[in-house]
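Close look at the chain arrangement
The chain contents come next:
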Amino acid sequence: KALLARIEREIAAHSATSSGLIQFKANALEDVDITRALYRASQAGVKVELLVRDTCRLRAGLPGLSENVRVVSIIGRFLEHGRIYYFRNGGEEEYFIGSADCMKRNLESRVEVVVPVEDPLLRKDLRAVLDAQLNPNCNAWEMQSDGSYVQPESGRDAKSCQQVLIDLAERRQREASRLKRRRPQGF
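None of the values given here were measured: they were computed from a predicted structure.

**A short note on the packing of helix H4 (residues 120–134) against helix H6 (residues 161–182)**
Remark: H4 packs on H6, axes separated minimally by 8 Å, with the N-to-C direction vectors making an angle of 150 degrees. In terms of axis orientation, H4 runs roughly antiparallel to H6. At the point where H4 passes H6, the crossing takes the right-handed sense. Contact with H4, carried on its side by Asp-125, Ala-128, Val-129, Ala-132 and Gln-133, involves Cys-161, Val-164, Leu-165, Leu-168 and Arg-172 of H6 and no other residues of that element. By residue class, the composition of the contact of H4 with H6 is 7 nonpolar, 1 polar and 2 charged.

**Considering the pattern of salt bridges**
Tallying each qualifying case throughout the model produces 7 salt bridges. Here Arg-6 ties to Glu-94 by a salt bridge, and the two come within 3.0 Å at their closest N and O atoms. Highlighted residues: Arg-6 in helix H1 (residues 2–13) and Glu-94 in strand S5 (residues 94–98), separated in sequence by 88 residues. On the basis of relative accessibility, which here comes to 16%, the residue Glu-94 falls in the buried class.

**Quick word on the layout of surface pockets**
Over the atoms, a rolling probe the size of a water molecule traces out where space has been left empty. Put simply, the second largest pocket is a space of about 190 Å³. Lining the second largest pocket are 13 residues, and of these Lys-25, Glu-80, Gly-82, Val-129 and Leu-165 lie nearest its centre. Take the lining of the second largest pocket: its biggest share by element is 3 residues, from H4. Taken together, the residues of the lining of the second largest pocket break down into 7 nonpolar, 3 polar and 3 charged.

**Thoughts on the pairing of strand S1 (residues 21–26)**
Burial of S1 is extensive: 6 of the 6 residues sit out of reach of the surface. Residues Leu-21, Gln-23 and Lys-25 of S1 are buried on one face, and the alternating residues Ile-22, Phe-24 and Ala-26, pointing to the opposite face, are buried as well. With helix H2 (residues 32–43) bridging S1 and its parallel neighbour strand S2 (residues 47–52), the resulting β-α-β unit is right-handed.

Reading guide: rules and limits
Residues numbered from 1 in each chain as written. Predicted model: local features only at pLDDT ≥ 70, side-chain atom pairs only at ≥ 80, totals over all residues. Heavy atoms only, no water. Axes fitted to C-alpha atoms, helices over the stretch in contact; angles between N-to-C directions. Helix = DSSP H or I, 4+ residues; strand = E, 2+ residues; numbered from the N terminus. Parallel < 35°, antiparallel > 145°, perpendicular 65-115°, else oblique. Left-handed = near helix turned anticlockwise from the far one by under 90°. Contact = heavy atoms within 4.5 Å. Nonpolar A, V, L, I, M, F, W, Y, C, P; charged D, E, K, R; others polar. Salt bridge = Lys/Arg side-chain N within 4 Å of Asp/Glu carboxyl O. Buried < 20%, exposed > 50% of the residue type's maximum accessible area, 1.4 Å probe, protein only. 1 Å grid on protein atoms, 1.4 Å probe; cavity = no way out; pocket = protein on both sides within 12 Å on 5 of 7 lines; lining within 4 Å. Points joined across faces, edges and corners; volume = space filled by probe spheres on them. Right-handed = clockwise from strand over helix to strand, strands pointing away.

The values are spatial; any link to function lies outside them.
Here it is in structure tokens:
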């Protein structure tokens, strides 16, 4: 219910001066109510960007229905299993992480948790993941309006988004190690 309410809020807040944006990263999108709400968001002009590893009930790029929707699937070295839910919310951005995929069984028949992420540094990390994986030049597959997936020309020779995130983690680790060595004794 909370995800549906936020999708509806994004639709209501969307305007020419404050464009709506919804971004989800999940393993699957099967829930009919969520799918219908995302179609309504697209029809209202809200940009919907989905990172869905497996089954995706929503079709991207259908005229009059989902022309504002982009669906990307990441296939790489690591099994993508994270879940991130992002809403622009008129500039008052909201990030959520959790265990629930957008599947009826997960949303209605199980105990699943979706929690807000409020710490600015953690939000920055989530933004880095979404940006890397939604980058049109990353090595990913994009859904076509017929439900098939193709790898865009620009992404075929690109660095994998998973490698981009590995590189980022390694830089952060080097920086943390450098700071730890500089720290005075006793701290």
